[in-house]
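What the coordinates show
Each chain is listed here by its residues.
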Amino acid sequence: MKAFTVYQPYAHAIVAGVKHYETRPRRTHIRGRVAVHAGRLDEVQATKHLTNGEFWAVLEAAGGGNLPRGAVIGTVEIVDCVPVEELVDSLDNRERLLGDYSPGRFAWVLQNPVMFKTPIPACGKQGWWNWEEPT
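Throughout what follows, the structure given in this document is the object of discussion. Keep in mind that what you see is a predicted model, and the values were worked out from it rather than measured. (Residues numbered from 1 in each chain as written. Predicted model: local features only at pLDDT ≥ 70, side-chain atom pairs only at ≥ 80, totals over all residues. Heavy atoms only, no water.)

Quick look at the overall build of the chain now. The secondary structure content of the chain amounts to four helices and six strands. Along the chain, helices and strands appear, N-terminal first, in the series β-α-β-β-α-α-β-α-β-β. Taken across its 135 residues, the chain has 47% of its residues classed as buried. The long-range share in the chain, meaning contacts at least 24 apart out of those at least 6 apart in sequence, stands at 83%. Carbon and sulfur atoms provide 50% of the accessible area of the chain, an area that totals close to 7,400 Å². (Helix = DSSP H or I, 4+ residues; strand = E, 2+ residues; numbered from the N terminus. Buried < 20%, exposed > 50% of the residue type's maximum accessible area, 1.4 Å probe, protein only. Contact = heavy atoms within 4.5 Å. Areas by Shrake-Rupley, 256 points an atom, 1.4 Å probe, with all protein chains shown as cover.)

Our next topic: the layout of surface pockets. What the second largest pocket holds in volume is close to 200 Å³. Taken together, Phe-4, Arg-24, Pro-25, Arg-26, Arg-27, Thr-28, Trp-108, Gly-127 and Trp-128 make up the full set of residues lining the second largest pocket. Residues belonging to the lining of the second largest pocket are distributed by class as follows: four nonpolar, two polar and three charged. (1 Å grid on protein atoms, 1.4 Å probe; cavity = no way out; pocket = protein on both sides within 12 Å on 5 of 7 lines; lining within 4 Å. Points joined across faces, edges and corners; volume = space filled by probe spheres on them. Nonpolar A, V, L, I, M, F, W, Y, C, P; charged D, E, K, R; others polar.)

Relative to the assigned elements, Pro-83 resides in strand β4 (residues 71-83). On the basis of relative accessibility, which here comes to 23%, the residue Pro-83 falls in the partly exposed class. Separated by 59 residues in the primary sequence, Pro-83 and Arg-24 place their C-alpha atoms 9.8 Å from one another. Beyond its immediate chain neighbours, meaning those up to four positions away, Pro-83 contacts Arg-27, Arg-105 and Phe-106.

Along the chain, Thr-23 turns up in strand β2 (residues 21-24). By relative accessible area, which is 7% here, Thr-23 ends up buried. In sequence terms Thr-23 and Trp-108 are 85 residues apart; their C-alpha atoms lie 6.2 Å from each other. Residues contacting Thr-23, with those up to four places away along its chain left out, are Val-84, Gly-99, Asp-100, Tyr-101, Arg-105, Phe-106 and Ala-107. Reaching out from Thr-23, the side chain makes a polar contact with the backbone nitrogen of Asp-100 at a distance of 2.8 Å. (Polar contact = N/O pair within 3.5 Å; in protein donor to acceptor, adjacent residues only side chain to side chain.)

Following this line, the structure appears as structure tokens:
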């Protein structure tokens, strides 16, 4: 299964169904179910571009602190990829905080998230990588 790595609290927000778009600098042509890997970077480092109030709003939206890292925490379906300019005006404040909607970026449209009951430890990589679910 294809997998991508994203930092906490964003990874949790994806598999919890709170984050509906993953914003990236490049388009993806991958569609279908993919694994969501929570990177090892901590919440403070991953959200250093946010103000203090925005940081706490993101953390609250994602389900709080003490989130798993260095593990595949669930899956989600990618159903489309669109330039952020096509949807930025229709987003609520929480969704805006959960992504980088700067011009020129792309939004992967996410649906049908599944959160694993138990995170599965894994080493992530930059970009897309292949993940084999343990049997």
